[in-house]
Amino acid sequence: MVKVTLIHASWCTACPAARRLWKDLKSEYDFEYEEIDVETPEGQALIDKYGIVGVPTTIIDGEIAFSGLPKKADAIIRIK
């Protein structure tokens, strides 16, 4: 099963739209989904591991798939 991890921040203006996008897709498609705030220890660990420089960032199956807000069609292609 595909695993999607969204890295987000409370101060990020694009993050709410990214969160809505992935939650909407979760209701239509079968994949694992988690959200991680960059300001948590887990978020900091992912920033260090992947060299993330901005949010929102979407990691799919252990690889950075999107930096910024993905287009819905592109997101669907990656989770199918």
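Here we summarise the structure given alongside this text. Computed from a predicted model, the values in this text were never measured in an experiment.

Conventions and cut-offs
- Residues numbered from 1 in each chain as written.
- Predicted model: local features only at pLDDT ≥ 70, side-chain atom pairs only at ≥ 80, totals over all residues.
- Heavy atoms only, no water.
- Axes fitted to C-alpha atoms, helices over the stretch in contact; angles between N-to-C directions.
- Helix = DSSP H or I, 4+ residues; strand = E, 2+ residues; numbered from the N terminus.
- Parallel < 35°, antiparallel > 145°, perpendicular 65-115°, else oblique.
- Left-handed = near helix turned anticlockwise from the far one by under 90°.
- Contact = heavy atoms within 4.5 Å.
- Disulfide = S-S within 2.5 Å.
- Buried < 20%, exposed > 50% of the residue type's maximum accessible area, 1.4 Å probe, protein only.
- Arc of directions from axis to C-beta.
- Pairing = 2+ DSSP bridges.

Quick look at the packing of helix H1 (residues 15–28) against helix H3 (residues 72–79)
- Their axes nearest at 11 Å, the elements H1 and H3 cross at an angle of 50 degrees. Taken together, the axes of H1 and H3 are oblique relative to one another. Seen along the crossing, H1 lies across H3 with a hand that is right-handed. Of H3, the residues touching H1 (which contributes Leu 21, Trp 22, Leu 25 and Glu 28) are Lys 72, Ala 75, Ile 76 and Ile 79.

Things to note about the state of the cysteines
- Evaluation of the coordinates by the stated rule reveals 1 disulfide.
- The side chain of Cys 12 participates in a disulfide bridge whose partner is Cys 15; the two sulfur atoms lie 2.4 Å from each other. Its S-S torsion of approximately 90 degrees makes the covalent link between Cys 12 and Cys 15 right-handed. Comparing Cys 12 with Cys 15 shows no difference in burial state: the two are buried.

A few points about helix H2 (residues 41–50)
- Within the sequence span of H2, burial applies to Gly 43, Leu 46 and Ile 47. Taken around the axis of H2, the buried residues stretch over an arc of 105 degrees, which confines them to a single face. Relative to its buried face, H2 has exposed residues pointing more than 90 degrees away, namely Pro 41, Asp 48 and Lys 49.
- Turning to H2, the residues buried within the fold contact strand E1 (3–8) and strand E2 (32–37).
- Looking one or two residues beyond H2, the residue adopting positive phi is Gly 51, at roughly 70 degrees.

Overview of the sheet that holds E1
- The strand order across the open sheet built from 4 strands is E2-E1-E3-E4, with neighbouring strands paired in mixed fashion. The open sheet has two edge strands with one neighbour each: E2 and strand E4 (63–67). Shown here is a sheet whose adjacent strand axes are inclined to one another by a mean of 25 degrees, direction ignored.
- Sheet topology note: the strand E3 (residues 57–60)/E4 ladder contains 4 bridges and is antiparallel. Its bridge partner being in E4, Ile 60 is matched across the sheet by Glu 63.
- Sitting on the sheet, H1 is in contact with E1, E2, E3 and E4, with an inclination near 165 degrees to E2.

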